[in-house]
Amino acid sequence: MEKKKKKVKQNVVDKKINYNTSEQAEIKKFLVVVVVVLLCVGGIYLCTRAFVTKNLFKKDTPKEEEVVPGSIDYSVAIMGQLLNRPYKEYYVIIYDLANGKDAIKISNMVYEYNSKEEHLHMYTVDLNNELNKSYYDPENVNTKAKTLEEIKVGDATLIKVKNGKINKYIVDYEKMEKELEVE
């Protein structure tokens, strides 16, 4: 009899029924899809790091950024500051520093002038600067300008300012060299 009782108990355990609702089945399917998508994205990420950027197994060393202190260049001005510089007498050279046809020649002339022992202070005005573009009109250069509103400059202009007023207005390169005594 003991054998029959054991068999009956085993049959009861084996016949356990599992009831799942349709919501539970949908959640299981959803979780399977999410896991598969995450595995695919992870695999693509690892392949990209290993084969495209080739930095998967490289050790990232933190790079220390060098901080360069800012500095003010007192030799550069804008057209609006042309007549209100702190010197009584100075020169202002106006040209396109980046694209001008004579930019290198003028830059060398300015360098040579500033290398002289006794020279007046010289400011450079870049016509490529957006604040100075309204003064550029090579067709209507006004060499008789006395105020800032009257000034219209061409490709290269040298202006000598004395006591806050325009003293000389030179647009010819050879005359600029002669004025600055640079050859």
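Summarised in this report is the structure supplied together with it.

Criteria and cut-off values
Residues numbered from 1 in each chain as written. Predicted model: local features only at pLDDT ≥ 70, side-chain atom pairs only at ≥ 80, totals over all residues. Heavy atoms only, no water. Helix = DSSP H or I, 4+ residues; strand = E, 2+ residues; numbered from the N terminus. Rg over C-alpha atoms; globule rule 2.2 N^0.38 Å. Buried < 20%, exposed > 50% of the residue type's maximum accessible area, 1.4 Å probe, protein only. Contact = heavy atoms within 4.5 Å. Core = buried A, V, L, I, M, F, W, Y, C linked by side-chain atoms within 4.5 Å. Arc of directions from axis to C-beta. Polar contact = N/O pair within 3.5 Å; in protein donor to acceptor, adjacent residues only side chain to side chain. Phe/Tyr/Trp six-rings, centres within 6.5 Å; stacked < 30°, edge-to-face > 60°. Patch = residues over 30% accessible without salt bridge, like charges linked within 9 Å, V, L, I, M, F, W, Y side chains within 5 Å. Areas by Shrake-Rupley, 256 points an atom, 1.4 Å probe, with all protein chains shown as cover. Salt bridge = Lys/Arg side-chain N within 4 Å of Asp/Glu carboxyl O.

A short note on the overall build of the chain
Inference 1: Helix and strand counts for the chain come out as 4 helices and 5 strands.
Inference 2: Secondary structure elements of the chain, listed N to C terminal, follow the sequence α-α-β-β-α-β-β-β-α.
Inference 3: Since a compact globule built from 183 residues should have a radius of gyration of about 16 Å, the 40 Å found for the chain marks it as more spread out than a globular shape.
Inference 4: If you line up the chain on its principal axes, its C-alpha atoms span 130 × 35 × 30 Å.
Inference 5: Taking all 183 residues of the chain together, 22% fall into the buried category.
Inference 6: Considering only contacts within the chain whose residues lie at least 6 apart along the sequence, 60% involve residues at least 24 apart.

Re the nonpolar core
In summary, soluble globular proteins display a tendency toward joint burial of nonpolar side chains.
Inference 1: With 18 residues, the main nonpolar core has Met 79, Val 92, Ile 94, Ile 151, Val 153 and Ile 159 as its most contacted residues.
Inference 2: Going through the elements one at a time, strand E2 (89-95), strand E3 (121-126), strand E4 (156-162) and strand E5 (165-170) are the ones with two or more residues in this core.
Inference 3: Residue contributions to this core peak at 3 residues, all from E2.
Inference 4: Leaving out residues up to four positions away in the same chain, Ile 159 has contacts with Leu 82, Tyr 90, Tyr 91, Val 92, Ile 94, Ile 151, Ile 166, Lys 168 and Tyr 169.
Inference 5: Membership of the second largest hydrophobic core comes to 16 residues, among which are Tyr 91, Ile 93, Tyr 95 and Met 109.

Focus on helix H4 (residues 173-180)
Inference 1: Three or more residues of H4 are buried, namely Tyr 173, Met 176, Glu 179 and Leu 180. Summarising the axial view, the buried residues of H4 lie within an arc of 120°, below the 170-degree limit, and thus occupy one face. Facing away from the buried side of H4 by more than 90 degrees, the exposed set consists of Lys 175 and Lys 178.
Inference 2: In the stretch just after H4, Glu 181 is the one whose phi turns positive, near 55°.

A closer look at the side chain of Lys 160
Inference 1: If you trace the backbone, Lys 160 turns up in strand E4.
Inference 2: At a separation of 3.0 Å, a polar atom in the side chain of Lys 160 contacts the side chain of Glu 89.
Inference 3: Setting aside chain neighbours within four positions, we find Lys 160 in contact with Glu 89, Tyr 90, Tyr 91, Leu 120, Lys 165, Ile 166, Asn 167, Lys 168 and Glu 179.

Brief notes about the packing of aromatic side chains
Inference 1: This structure, assessed with the given rule, holds 3 aromatic pairs.
Inference 2: Ring centres 6.3 Å apart and planes at 55° place the aromatic pair Tyr 87 and Tyr 123 in the tilted group. Within this pair, whereas Tyr 87 is found in the loop between strand E1 (76-77) and E2, its partner Tyr 123 is found in strand E3, the two being separated by 36 residues in sequence.
Inference 3: Between Tyr 91 and Tyr 113, the ring centres sit 5.6 Å apart and the planes meet at 90°, which makes this aromatic pair edge-to-face. Here Tyr 91 is found in strand E2, whereas its partner Tyr 113 is found in helix H3 (residues 103-115), with 22 residues between them in sequence.

Considering a nonpolar patch on the surface
Inference 1: Taken together, the side chains of Ile 27, Phe 30, Leu 31, Val 34 and Leu 38 define a hydrophobic patch exposed on the protein surface, amounting to about 500 Å² of accessible area.
Inference 2: Among the secondary structure elements, Leu 38 is positioned in helix H2 (residues 22-52).

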